[in-house]
Structures are given as structure tokens and as C-alpha cells.
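Below, each chain spelled out in residue letters.
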Amino acid sequence: MSNFCLTRRETVLALLSGVAASAAAPAFAQQAEWRQSYDSGARNAVLRSSTPMLSPESLQATEQAIAAYRDLAARGGWPMLQVSERLSVGSRGPGVVALRQRLIVTGDLDANAGTSNVFDSYVEAGLRQFQSRVGLSTTGTLTKATLAALNVPIDRRIRQLETNVVRLRTWSGSLGQRYVVANIPAAMVETVENGHVATRHAAGVGKIDRQSPLLQTKIPEVNFNPTWTVPASIIRKDLIPKMQKEPNYLTENKIRIIGPNGEIPPDRVNWRSDEATRYTFRQDPGGDFNSLGFVRINIPSPHGVYMHDTPSKGIFGDDYRFVSSGCIRVQNVRDYIAWLLKNTPGWDRAKIDEVIASGERINARIADPVACYWVYVTAWATPDGGVQFRDDIYNKDGLGPAPVAALQGEQDI
């Protein structure tokens with residue numbers, strides 16, 4: 001691949017990867033842009049698509065990506081990287097050369113970037129672009145998770161694309177003028193308006209053993225400063241074991257036990273039995289400690305799930321965000337609900353901030369309930385954002401263990 005002469009399908013692949021230079025822009029100009037981006041210190045200076053994941057444009061781009069990846073596979077695909085040390089700006093050695101070539105193969109690094117053994121800002125920008133396409137933090141550093149993603153065989157990537165293009169076809173019709181898509185394996189929420197992504201939010205979704213369901217519904221209401229009634233499954237799996245170890249847990253987290261005759265003190269419950277499952281557990285409102293944060297977004301469904309804020313904002317910076325019991329936690333929730341309520345009289349951003357600050361329990365009915373889709377897509381492409389891949393965390397693709405998720409808990413290289 002070092003002598004690069006672009007075929008039509010290679011050009012498609014490079015364009016879909018989001019980094020091919022335009023015919024009017026020589027390679028050095030693009031590299032100058034990368035250099036400027038690196039010097040500015042922008043952590044996420046990578047391409048972001050405005051094309052909705054569920055759209056005819058995305059479907060067409062994914063079909064083109066399948067053809068391009070098949071063509072690339074026929075010519076040998078990409079080599080496995082054998083790197084035993086963490087690589088970042090300033091690193092030197094044959095591992096850097098191999099990384100350059102690997103990034104060039106999928107269009108994340110321009111072919112004219114050369115074969116230097118120095119990890120420079122161009123390699124960093126290319127690696128950030130790759131990381132953004134596989135849903136990892138765009139650090140520009142070769143971590144163990146990034147290496148695992150780089151080393152996923154091309155045959156598996158092709159099978160991912162083939163499996164998911166079928167899913168995309170089922171959603172290629174009109175989904176409405178305004179709608180929300182939560183893509184579970186990507187742990188990401190998109191709001192879409194008039195065919196373009198309006199906002200995008202990192203999300204926390206269901207654990208492997210408490211999966212977020214697939215659903216299609218409408219969002220009718222937003223609850224401000226909600227209480228949280230603990231689901232029976234969490235009482236059994238989480239609260240009872242927690243109270244056995246930390247007897248003050250409920251009090252410290254302002255969770256009340258409600259029985260037939262009123263509130264019950266925690267020390268009156270036998271935590272070594274199933275007695276607790278007979279009661280209702282309700283957490284007081286409070287964005288700093290309530291598990292729902294400041295906002296709950298109601299979603300009618302038979303699954304009893306919904307979307308909400310969280311006091312644990314740190315999860316949104318993690319690569320692995322499969323942390324909930326089925327509901328979806330939304331990053332930058334104020335932007336999200338401002339978009340949901342934008343056509344509802346009296347609910348501008350100032351009003352939203354005022355109600356949250358008041359701590360008062362208030363419901364806001366959405367004037368035009370917004371269509372909402374929770375979907376499962378692990379591979380897709382957009383004309384302006386590259387070929388995207390995510391771990392098949394729930395094993396719905398049937399391709400075996402998720403390679404990046406399998407590293408959770410391991411030390412980095």
C-alpha cells in the first residue's frame with residue numbers, strides 16, 4: 001500500500017473515512033490544516049457528520065463502504081499491528097511507521113504523509129480521526145483499546161457493514177421532521193430536524209445483563225426535579241447488597257422506604273432477607289444526588305424505561321458507557337430538552353434554567369410530541385463523516401466477543 005494510486009473504490013473509501021483532500025487542495029495544505037488543529041490544542045478536532053445515521057444518505061454511503069471494503073479485502077486488507085508500547089507525539093521507531101501505513105490504508109492519514117518513524121502531529125490527527133470513527137476518546141495516543149480496534153480484521157468489518165445495512169434499510173423511510181435516535185451500541189443520542197443532526201449527545205445505556213430495549217415511541221413530557229422510584233430489579237440486585245455492606249447508604253443518598261403505613265426507618269428492615277422487596281423506595285429530588293439528576297424524559301413503552309439526566313457526569317467521558325439498568329442517561333441534557341421543548345410556548349432556555357434552579361417538581365407537556373427511536377446499529381457510513389464502527393456489545397451481530405469491550409479493566413500498554 002505504500003505506492004498509493006487511488007482506484008475509484010479507494011477514493012470512495014478515503015472520502016467515507018472523512019479525510020481525503022479535495023481536488024483543489026494539495027496534500028500539504030490539508031496537512032497544514034492538521035498542524036494548525038494540533039497546535040490549537042483542540043482535543044476533538046475531527047470531522048463530525050451532520051448527516052443523520054438513519055437516513056437515505058447514510059444507507060447509500062454504507063452500501064458504498066461495503067463495496068470499498070470488499071475491494072480492499074481482495075487486495076490484502078490491512079496488516080495486524082504488533083506494538084507493545086504506548087505511542088504518542090514524539091515516539092519513534094518501527095511501530096510508528098507501521099501505524100502510519102495502517103492509517104493510510106483506511107484513509108485516516110493522507111498517503112503523502114510519508115514513512116517517517118517519528119510520531120508527529122499528522123499521525124496524531126490521523127489517529128484521532130480513526131478513534132472518532134470507532135467511538136473512542138480522540139486522544140491521538142495509541143492506547144490498548146485503539147490498538148484492538150485497529151486490529152479488528154477487515155472480514156469482520158465487512159460482515160458488520162453487511163449486517164447493519166439491512167438494519168439501516170428498515171429505517172430508510174421518513175421518520176418525521178423532528179425525531180430522536182438513540183443508538184445503543186454507540187451510546188449516543190442524535191436529535192434530527194429537517195434532515196440534519198441538530199444536537200448530538202453521549203449517553204449511558206444498559207449493561208450487558210440489563211440491556212436497553214429496542215423501541216419506537218414518542219416523547220410527550222419532560223419532568224423537572226423528579227423523584228426516583230427504585231425499580232424492583234434494582235432493589236434486589238443493588239440496594240439489598242449495598243445495605244448489607246453500607247447500612248447508611250439509603251440515608252446518605254436520601255432514599256426513603258415507603259410501606260403500607262408510611263415511611264419505614266432503614267434499621268427496621270431485615271436486609272439479610274427479601275423483606276425489602278415488599279416496599280417502595282423513593283429518592284428525594286435533587287440534581288446533585290438523585291439518580292435521575294435534574295430531568296426525566298418520559299417515554300411511553302412496555303419496558304418501563306425512559307431517558308434522564310445523571311449526577312454522575314464523569315461517565316460521559318468514558319469509552320465504555322454501558323452502565324445503566326436499561327434507561328438512557330443523556331449528556332448535556334439541558335441542550336437536549338431545550339430542543340425537545342423548542343416549539344412549546346413558554347419553555348425557552350431561560351425558563352428551563354429557572355425551573356431547574358427552583359428545585360420545584362414541574363412537568364412540561366411537549367406541544368408536538370417528538371418521535372423517538374432506540375436502535376441497534378454497530379456499523380454505518382455517512383458521506384461527510386466516514387465509516388463508523390462500534391462494538392457489538394449485546395452480541396446481536398453474532399460475530400463473537402466485542403474486541404474493545406473485552407479489554408475493560410485491563411491495564412493499558
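Because the structure is predicted, anything quoted here is derived from the model rather than measured.

Participant: I would appreciate a short explanation of the overall build of the protein chain in the present structure.
Facilitator: Assigned secondary structure in the protein chain consists of 11 helices and 15 strands. For the protein chain, the proportion of its 413 residues judged to be buried stands at 52%. By sequence separation, contacts in the protein chain at least 24 residues apart represent 69% of the contacts at least 6 residues apart.

Participant: Is there a simple way to explain the packing of helix H4 (residues 94-105) against helix H5 (residues 121-133) in this structure?
Facilitator: Helix packing geometry: the angle between the two helix axes and the distance between the axes. Look at H4 against H5: their axes get within 10 Å of each other, and the N-to-C directions meet at 50 degrees. Judged by the inter-axis angle, H4 sits oblique to H5. Along this stretch, H4 crosses H5, giving a crossing that reads as left-handed. Residues Leu-99, Arg-100, Arg-102 and Leu-103 of H4 form the contact with H5, whose participating residues are Val-123, Gly-126, Leu-127 and Phe-130. Among the residues making up the contact of H4 with H5, the classes are represented as five nonpolar, one polar and two charged.

Participant: I keep staring at helix H11 (residues 349-358) and nothing clicks. Help me out?
Facilitator: Think of an α-helix as 3.6 residues a turn; residues three or four steps apart then line up on the same face. Within the sequence span of H11, burial applies to Ile-352, Val-355 and Ile-356. Projected down its long axis, H11 shows its buried positions confined to an angular sector of 100 degrees, all on one face. The exposed set on the far side of H11, more than 90 degrees from its buried face, consists of Ala-350, Glu-354 and Ala-357. Buried residues along H11 sit in contact with strand S4 (215-224), strand S9 (295-298), helix H10 (333-340) and strand S13 (362-375). In the stretch just after H11, Gly-359 is the one whose phi turns positive, near 75 degrees.

Participant: Explain the pairing of S13 to me, please; I cannot follow it from the model alone.
Facilitator: Successive side chains on a regular strand alternate, one facing one side of the sheet and the next facing the other. Of the strand pairs in this sheet, strand S1 (residues 178-183) and S13 are connected by five bridges, and their pairing is parallel. Among the inter-strand pairings, Tyr-179 is bridged to a residue of S13, identified as Ala-371. The sheet contact formed by S4 and S13 spans nine bridges and is antiparallel. Within S13, the residue paired with Asn-223 across the bridge is Asn-363.

Participant: What am I meant to see in the confidence of the model for the protein chain here?
Facilitator: When pLDDT drops low, the exact placement of atoms in the prediction is not to be read closely. Looking at the protein chain as a whole, its pLDDT mean stands at 88, while 88% of the residues score no less than 70. Note that residues 1-6 has pLDDT below 50 and, in this model, 10 contacts with residues that lie over four places away or in other chains. Scored below 50 in pLDDT, residues 19-45 shows 37 contacts in the model against residues more than four places distant or in partner chains.

Participant: Which parts of the structure should I look at to understand the packing of helix H3 (residues 56-74) against helix H7 (residues 154-170)?
Facilitator: The N-to-C vectors of H3 and H7 enclose an angle of 160 degrees; their axes lie 10 Å apart at closest approach. On the basis of their axis angle, the class for H3 and H7 is roughly antiparallel. Regarding H3 and H7, the two cross each other, and that crossing is left-handed. Facing Ser-58, Leu-59, Thr-62, Glu-63, Ala-65, Ile-66, Tyr-69, Arg-70, Leu-72 and Ala-73 of H3, the residues of H7 in contact are Ile-154, Asp-155, Arg-157, Ile-158, Leu-161, Glu-162, Val-165, Leu-168 and Arg-169. Tallied by class, the residues present in the contact of H3 with H7 amount to 11 nonpolar, two polar and six charged.

Thresholds applied
- Residues numbered from 1 in each chain as written.
- Predicted model: local features only at pLDDT ≥ 70, side-chain atom pairs only at ≥ 80, totals over all residues.
- Heavy atoms only, no water.
- Helix = DSSP H or I, 4+ residues; strand = E, 2+ residues; numbered from the N terminus.
- Buried < 20%, exposed > 50% of the residue type's maximum accessible area, 1.4 Å probe, protein only.
- Contact = heavy atoms within 4.5 Å.
- Axes fitted to C-alpha atoms, helices over the stretch in contact; angles between N-to-C directions.
- Parallel < 35°, antiparallel > 145°, perpendicular 65-115°, else oblique.
- Left-handed = near helix turned anticlockwise from the far one by under 90°.
- Nonpolar A, V, L, I, M, F, W, Y, C, P; charged D, E, K, R; others polar.
- Arc of directions from axis to C-beta.
- Pairing = 2+ DSSP bridges.
- pLDDT = per-residue confidence, 0-100.

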